[in-house]
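For reference, the chains in residue letters:
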Amino acid sequence: MKRRIFLSALLLLGAGPVLAEKLAFDHRLSPELNQVLEAGDPAMVSFNDANPHYLVDVIAVRGASAKDWIEALVIIARSPGRKVASAESWMEELRRESQRRCKGTYTVLAQDSRSITFERQSTDCPPGYPPVGIYRVVQGKTSLFLLAAMAKDGISGSSREHWLALMESARLE
């Protein structure tokens, strides 16, 4: 039942009034994420649909809850706008926002005409801001989607491989 609630929340990412597309990915490619979803603890998932043009889902993979996480998957669906209308422009927005918090480097790991996968490594971050993140932005016809795996204490090598496989599996439906 709890897993159905989460999966329903994921489906809502594509069901907003301005969002006709939805992002799908294989959560089983991350054993850590799959374990959390199988456990069905509703405290580990947070869905914020207060703004129908910017829907946010947080799933804690490590930590006490989706509000108090150490490692998490963040899923965002948004309407394109004047400033952010493509996968690349969203990456640039994320770069500008993170640079205001702490020094960092962005490395593009994969890119095609409709998506970009990149990694952020930051230093001297304020407490609570994750110094590492792996992201994939996918551009649809009417929507932009972001998958972000972030950790406040670093991402292990095996976890990084799992997150990258999950990112690669992301597709629009």
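The following refers to the structure shown. On a predicted model such as this, the values are computed, not experimentally measured, just so you know. (Residues numbered from 1 in each chain as written. Predicted model: local features only at pLDDT ≥ 70, side-chain atom pairs only at ≥ 80, totals over all residues. Heavy atoms only, no water.)

Turning our attention to the state of the cysteines. Going through the model one piece at a time under the given rule, you end up with one disulfide. Here Cys102 pairs with Cys125 through a disulfide, and the sulfurs are 2.3 Å apart. Given an S-S torsion of about 70 degrees, the disulfide between Cys102 and Cys125 has right-handed geometry. Highlighted residues: Cys102 in the loop between α3 (87-101) and β5 (103-111) and Cys125 in the loop between β6 (115-123) and β7 (132-139), separated in sequence by 23 residues. According to the relative accessible area criterion, Cys125 is partly exposed, its value standing at 23%. (Disulfide = S-S within 2.5 Å. Helix = DSSP H or I, 4+ residues; strand = E, 2+ residues; numbered from the N terminus. Buried < 20%, exposed > 50% of the residue type's maximum accessible area, 1.4 Å probe, protein only.)

With that settled, the discussion passes to the nonpolar core. Ranked by size, the top nonpolar core spans 46 residues in total, and within it Leu33, Leu73, Leu147 and Trp163 carry the most contacts. Counting only elements with at least two residues in this core, the list comes to α2 (31-39), β3 (54-63), β4 (69-78), α3, β6, β7, β8 (144-151) and α4 (157-169). No other element matches the eight residues that β8 contributes to this core. With residues near it in sequence (within four places) discarded, Trp163 still touches Ser30, Leu33, Val61, Glu71, Leu73, Ile134, Ala149 and Ile155. (Core = buried A, V, L, I, M, F, W, Y, C linked by side-chain atoms within 4.5 Å. Contact = heavy atoms within 4.5 Å.)

The subject of this paragraph is the pattern of salt bridges. For the structure shown, the criterion picks out nine salt bridges. Here Asp26 ties to Arg28 by a salt bridge, and the two come within 2.8 Å at their closest N and O atoms. The class of Asp26 is partly exposed, set by a relative accessible area of 21%. Residue class for Arg28 comes out exposed when judged on its relative accessible area of 57%. The shortest N-O distance in the salt bridge between Glu71 and Arg62 comes to 2.7 Å. When its relative accessible area of 4% is taken as the criterion, Glu71 is described as buried. Owing to a relative accessible area of 29%, Arg62 belongs among the partly exposed residues under this scheme. It is possible to trace a salt-bridge network through shared partners that takes in Lys22, Arg171 and Glu173. (Salt bridge = Lys/Arg side-chain N within 4 Å of Asp/Glu carboxyl O.)

A few words on the layout of surface pockets. The probe, sized like a water molecule, is rolled over the atoms to show the empty space still left. Approximately 350 Å³ is the volume found for the largest pocket. Here the residues of the lining of the largest pocket are counted per class, giving 12 nonpolar, two polar and three charged. (1 Å grid on protein atoms, 1.4 Å probe; cavity = no way out; pocket = protein on both sides within 12 Å on 5 of 7 lines; lining within 4 Å. Points joined across faces, edges and corners; volume = space filled by probe spheres on them. Nonpolar A, V, L, I, M, F, W, Y, C, P; charged D, E, K, R; others polar.)

Attention shifts here to the side chain of Ser169. Among the structural elements, Ser169 can be located in helix α4. Given the relative accessible area of 18%, Ser169 is considered buried.

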